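Observations on chain architecture
This is what each chain is made of:
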2 protein chains.
Amino acid sequence: MEAQIPVHDFFLILAVILLSAKIFGEIFAYLKLPTVIGEVFAGLIIGPSFLGIVETNFILKILAEIGIILLLFEVGLETDMYKLKKAGLKAFIVAVAGAFFPFVLGAAVSYYVFNLPIVVSLFIGGALTATSIGITIRALKDIGKHRTGVAQIVLGAAVVDDILGVILLITIYDFVITGEVNIYNLLRILFLIAVFFALAPVLAKFLSKVIYLYDKKFSRSDGFVVTTIISLILIFAYISHFFNAPEILGAFTAGIALSRRFFLPFGIAFQTDPDFLNKIESYLKPISNIFVPIFFVLVGISIDLNVIDLTSSTLWITGFLLLLIAVVGKIIGSFLITKISVLKRIIIGTAMVPRGEVGLIFAELGRTSGILKADIYAVLVFVIIITTLLPPILLRWLFKEED
Amino acid sequence: MEAQIPVHDFFLILAVILLSAKIFGEIFAYLKLPTVIGEVFAGLIIGPSFLGIVETNFILKILAEIGIILLLFEVGLETDMYKLKKAGLKAFIVAVAGAFFPFVLGAAVSYYVFNLPIVVSLFIGGALTATSIGITIRALKDIGKHRTGVAQIVLGAAVVDDILGVILLITIYDFVITGEVNIYNLLRILFLIAVFFALAPVLAKFLSKVIYLYDKKFSRSDGFVVTTIISLILIFAYISHFFNAPEILGAFTAGIALSRRFFLPFGIAFQTDPDFLNKIESYLKPISNIFVPIFFVLVGISIDLNVIDLTSSTLWITGFLLLLIAVVGKIIGSFLITKISVLKRIIIGTAMVPRGEVGLIFAELGRTSGILKADIYAVLVFVIIITTLLPPILLRWLFKEED
C-alpha cells in the first residue's frame, strides 16, 4: 500500500527522471563513457544518495519494468538464432559456472572466513550470483557490439543465468522458510520453464504472423502494428511469469520469434518480412527511448550511497574479498570453454560481472527480512555498485583492444 | 491508498486495454463509426458494465492522463495560431454561452421543476457544463477535420470551456463547503491563469529553440529529441496546474509554441523548422498511439451501465429534460456568433456537446460526497453517455453534408 501521488506531481517526477537520464547520458557520451552508466549515475544524483528529490514508487517501477521488457524484446529482434544456437553450449557453461562459483565461494567465505550464520551466508552468495541482463545488454548495445559472436555467448549465458537466478532465489527462500529444499518443487519449476521455452516461440511466431497479415490486408486504424506488438510483448512477459520463468525472458522470446531468421524445432525455418521488421523497429524506437532509461535511472535511485561508511575497515576487507569472488567467479566460466582467444574470454567474463538491480533486489530482500544486518547490507551494496559501474567501462576498452 | 498490483498482472491488464481498444477501434472504423467511440465501447465491454475484467486503478489513470496531454500537444502542434486568433471572439462566445446555459438551465430545472435541494441542483448544472475536450478533439482528428476553420472555433471554445469548468468547479466546491462564494479567490485564480497564458508560450518557445539547437549541433545519444519533447510536455502540464489552469492546457500551449506558425504578443512571429517538426511528429506518433487509447478506454471503464435502470420513469423524464438542456445549451452559443452558415453553427454546437470524462468526474464527486443520490447519479451518467457517444457519430455525417 502506498499513497497516491497527485498526477501533476508525477508528471514532474517523470520529467526529472527523463531529463536527468538524458543530461547525464549526454555528459557520459561526451566523456566516452557508457550512456547506461550515465543513466544510473542520474539516479544516484536525483535519488537518496545525493539530492533526494525522487524516490522509487510503484508507478515508476511498473514503467521501469515496461522499459526492461522492451529492451529485451529489441535485443531479441536483433538476435540471430543460428548464432545463438551455435553459442548454446558455450553460453550454458559460462552461465552455470558463473552462477556456481560466486554463489558457492560467496557463501563459503561468509560462513567459514567471516563466521556469519548459514542463512546470512546463503543470502550473500545469492546476491553475488545473478548477472543483471539489462546492464550487460545495454552496455553491449551502446557500443554496437550486441550482434557479435562474443555477444551471442554473453546473451545466451545471461538468459540461462536469469533462469538459474530464479531457481536459486526460490531454493534459498524455501530453505530459509522451511529449513529444507523441496526437490519436487524445483523439478516442477524446471519442467514449466522447459515447457515455456518449447511452446512460447511457436505461439509468438504464429501471433506475429497474424498481426503481419492483418496489417497488410485489413488494418483501418492508426497504430495497429505498434499497439499489437506492444500487447504481444506484455502478454509474453505475463505468460513467462505464469510458467515461473523471468518476465523479461518472455519479451526476449517474442523478440526472437520476430527476428530476421527464426527457426522452430525440427528445422522449420521462417523469414520475417524485412519491411515489417523495419516498421516494428522504427515504431518501437521512440517508445523504448522513453521507457528504457527509466529502468536504469531507477537502479541508481534504488541505491543509497549513504549506507556505505567508507571509513569502516569491515567494508574494505569484506568488500574486497566479496568483490574478488564476484568478478573472478564470473570470469572462470569463460576459461572453461574451448576454441576462443584469451581476450574474448575476458570480454565474456567481464560482460557477465554486472549484478545491477538483481543483486540490489536480493540485498534489499535480505535487509527488510532482517537476515542481513546494516553493515553486511552496506558491503553488498558497495560490491554491487562496483560490479555494475565498472564492466560497461571496461567493455568499451576491451572491445577496442579486440578491433 | 490502494493495493499494489503484481507487475505481471498489470502487464496483462494493459495488454487487454490496448488490444480491446484496437479491436473495437477496427470494428467501428469498418462500420464507418468514430474510432474514439470504439475505444470508449471497448472500456464498456471490459469494464464493470459488461465483462468486469478490468477496473480503474491509479497507474491506469496516470497513463491515461499522459495520453490526454499527448493528444492535446499533438493538436497544438497542428494548430494554426493565425486561424485560432481569428476564431478568438467567436470561440469565446461559443464557450461562455455553452457553459452558461447548461449550468443555469440545468440547475434551475433541477431546483424549480424537480424540487431538488439547491446544492444538488448546482451539482447537476455543474456536471452538464464542461465539454470533454478530448472526445471532441479526437472525433475531429479521426475524420481529419481538426484543421478547418470550424474546428478552430471549436478548439478555441473547448480551451475556454475547460478554464470555465475549473472556475465553476472551484466556485461550487467553495459554495458547498462554506455556503458562500469567495470572489477574491476567484479573481486570484483568473489572474494566475492569465499570467500562465501570457508567459507559458514564450517559455515553451524558448525551450523548444534550445532543444532544436542542441539536437542540431551536439546531441550524441539516441532519442534526444523525443525525451526532451516529452519532458517539455510533462513540465508544461505541471506548470499549468501550478497556475490553476487545467493540465491539458499546458500541453496544448507547448504544442502551439512548436507549431509551424507561432507568434508572440507584439507580433513577433516564429517559424518552426519543418524538418524538426516532422521529426517530433513522427517520434510522438507511436507513443501517442499507445497512450491516447488508454484514456478513452478508461472513460468507458469508468462508466457502470448497471447503475442505469431503464424501466425507471424518473430516468426517462428527468433524463430527457436534462439531455435537452445539455444539447440545446451547447448549440445556442453557435447561434450568437455572426457570419457563418446554419450547418456550420450546428457542427460547432454538436462538437461542444460531449461531456465525457469531465461530466463523469463531476457526477462521481457528487455521488461519493453523498450530494447526489443513486437515482440522480444514474440519470446524469445516462445523459453523459448519450452526449458522449452521439456527437462524434453526428459530426461525421454533418461534415459529409458540408462537403
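For clarity, every value in this text was computed on a predicted model and none was experimentally measured. Along each chain, the written sequence defines residue order, and numbers are assigned to residues from 1. Each chain takes a letter, starting from A, and each ligand takes a number, starting from 1, following the order in which they are written. It should be noted that, the model being predicted, local features are given only for residues of pLDDT at least 70 and side-chain atom pairs only at 80 or more, the latter also being counted only at that level, while totals for whole chains, interfaces and linings use all residues.

Let's shift gears to the overall build of chain A. Secondary structure elements follow DSSP: runs of H or I no shorter than four residues count as helices, runs of E no shorter than two count as strands, and numbering proceeds from the N terminus. Within chain A, the secondary structure is distributed over 15 helices and two strands. The principal-axis extents of the C-alpha atoms in chain A amount to approximately 70 × 50 × 50 Å. The 403 residues of chain A split such that 53% are buried. We call two residues in contact when their backbone-placed C-beta atoms lie within 7 Å. Taking the intrachain contacts of chain A between residues at least 6 apart in sequence as the baseline, contacts between residues at least 24 apart amount to 78%. The exposure label follows from counting other C-beta atoms within 10 Å of a residue's C-beta, where the C-beta atoms are placed from the backbone and the thresholds are 20 or more for buried and 12 or fewer for exposed, leaving partly exposed in between.

Turning next to the interface of chain A and chain B. Tallying the contact residues gives 43 residues for chain A and 43 residues for chain B. Secondary-structure elements contributing two or more residues to the side of chain A that touches chain B are α1 (7-30), α3 (58-77), α9 (224-242) and α11 (274-302) of chain A. Looking at the side of chain A that touches chain B element by element, the count peaks at 14 residues for α1(A). Its residues assigned to classes, the side of chain A that touches chain B shows 26 nonpolar, eleven polar and six charged. Each residue gets one of three labels, nonpolar for Ala, Val, Leu, Ile, Met, Phe, Trp, Tyr, Cys and Pro, charged for Asp, Glu, Lys and Arg, and polar for the others, Gly among them.

The next point concerns the packing of helix α6 (residues 133-142) of chain B against helix α7 (residues 149-178) of chain B. Two measures define how a pair of helices packs: the angle their axes make with one another and the distance between the axes. All names here are of chain B. Convention adopted: a line fitted to C-alpha atoms gives each axis, helices being fitted over their contacting stretch, and angles between N-to-C directions are expressed from 0 to 180 degrees. Look at α6 against α7: their axes get within 10 Å of each other, and the N-to-C directions meet at 165°. In terms of their interaxial angle, α6 and α7 are classed as roughly antiparallel. Judged by the sense of rotation from one axis to the other, the crossing of α6 with α7 is left-handed. Contact residues: Ile-133, Thr-136, Ile-137 and Leu-140 in α6; Ala-151, Val-154, Ala-158 and Asp-162 in α7. Looking at side-chain class alone, the contact of α6 with α7 contains six nonpolar, one polar and one charged residues. For classification purposes, angles smaller than 35 degrees are called roughly parallel, those larger than 145 roughly antiparallel, those between 65 and 115 roughly perpendicular, and all remaining angles oblique. In a left-handed crossing the near helix is turned counterclockwise from the far helix by less than a right angle, and in a right-handed crossing that turn is clockwise.

Residue and element names in this part refer to chain B. Looking at the element boundaries, Lys-83 is found in helix α4 (residues 81-113). For Lys-83 and Ala-29, which are 54 residues apart along the polypeptide, the C-alpha to C-alpha distance reads 30 Å. Lys-83 has contacts with Gly-149 and Gln-152, leaving out every residue within four places of it along the chain.

A separate point is the relation of the copies chain A and chain B. Each copy is superposed on the other by least squares, with the fit set by C-alpha atoms of residues at a pLDDT of at least 70 in both. Mapping chain A onto chain B is achieved by rotating through 180° and translating by 0.0 Å along the same axis, at an RMSD of 0.0 Å. These values place the two chain copies in the arrangement generated by a two-fold rotation axis. When the interface residues of chain A are mapped onto chain B, 100% of them again lie at the interface, so the same face is used by both copies.

Here the focus is helix α8 (residues 183-217) of chain A. Residue and element names in this part refer to chain A. Counted at 1.5 Å a residue, the expected span for α8 with its 35 residues is 51 Å, and the 51 Å between its end C-alpha atoms agrees. The angle separating two fitted axes, one through the seven residues that finish at a residue and one through the seven that start at it, defines the bend at that residue. The largest bend in α8 amounts to roughly 30° and is located at Leu-199, with the proline Pro-201 lying one to four residues further along. Residues of α8 that are buried: Phe-196, Ala-200, Pro-201, Ala-204, Lys-205, Ser-208, Ile-211 and Tyr-212. The length a helix should cover is 1.5 Å for every residue beyond the first.

This brings us to the environment of Ser132(B). All names here are of chain B. Mapped onto the fold, Ser-132 is located in the loop between α5 (118-127) and α6. For the pair Ser-132 and Val-358, spaced 226 residues apart in sequence, the C-alpha separation works out to 5.8 Å. Sequence-distant contacts of Ser-132, defined by excluding residues within four places in its chain, comprise Pro-354, Arg-355, Gly-356, Glu-357, Val-358 and Thr-388.

Our next topic: α6(B). Because each turn of an α-helix spans 3.6 residues, side chains separated by three or four positions end up pointing in the same direction. Residue and element names in this part refer to chain B. Summarising burial for α6: ten of the ten residues are buried, a large majority. All buried positions along α6 are accounted for by Ile-133, Gly-134, Ile-135, Thr-136, Ile-137, Arg-138, Ala-139, Leu-140, Lys-141 and Asp-142. Among the residues trailing α6, Gly-144 stands out with phi positive, at a value near 70°.

On to the packing of α4(B) against α7(B). Residue and element names in this part refer to chain B. Between α4 and α7, whose axes approach to 7 Å, the crossing angle comes to 45°. It follows from the interaxial angle that α4 and α7 lie oblique. In terms of crossing hand, the pair formed by α4 and α7 is right-handed. Between α4 and α7, the residues in contact are Lys-83, Leu-84, Ala-87, Gly-88, Lys-90, Ala-91, Phe-92, Val-94, Ala-95, Gly-98, Ala-99 and Phe-103 and Gly-149, Gln-152, Ile-153, Leu-155, Gly-156, Ala-157, Val-160, Asp-161, Leu-164 and Leu-168, respectively.

Right, let's get into the nonpolar core. To define a nonpolar core, we join buried Ala, Val, Leu, Ile, Met, Phe, Trp, Tyr and Cys residues through C-beta atoms within 7 Å and take the resulting set. Membership of the largest hydrophobic core comes to 270 residues, with the highest contact counts inside it found for Val154(A), Ile233(A), Val154(B) and Ile233(B). If we ignore the near neighbours within four places in the chain, the residues touching Ile233(A) are Ile69(A), Leu70(A), Phe73(A), Ala251(A) and Ala254(A).

Take unusual backbone geometry next. All names here are of chain A. Backbone geometry places Lys-32, a non-glycine residue, at a positive phi of 60°. With a phi angle near 55°, Asn-115 is a residue other than glycine that sits in the positive phi range. Since 8 C-beta atoms lie within 10 Å of it, Asn-115 is described here as exposed.

To continue, consider the environment of Ile229(A). Residues and elements named next belong to chain A. Relative to the helices and strands, Ile-229 is located in helix α9. When the 25 C-beta atoms within 10 Å are taken as the criterion, Ile-229 is described as buried. With 25 residues separating them in the primary sequence, Ile-229 and Ala-254 have C-alpha atoms 9.2 Å apart. Dropping the residues within four chain positions of it, Ile-229 is found in contact with Ile-211 and Ile-280.

Quick look at the confidence of the model for chain A now. Residue and element names in this part refer to chain A. Per residue, pLDDT measures the predictor's confidence, with a range of 0 to 100. On average, residues of chain A carry a pLDDT of 86, and 97% of them reach 70 or more. Strand β2 (residues 269-271) is the least confidently modelled element of chain A, averaging 70 in pLDDT, while α1 averages 94, the highest of any element. Across the whole predicted complex the pTM is 0.88, and at the interface the ipTM reaches 0.88.

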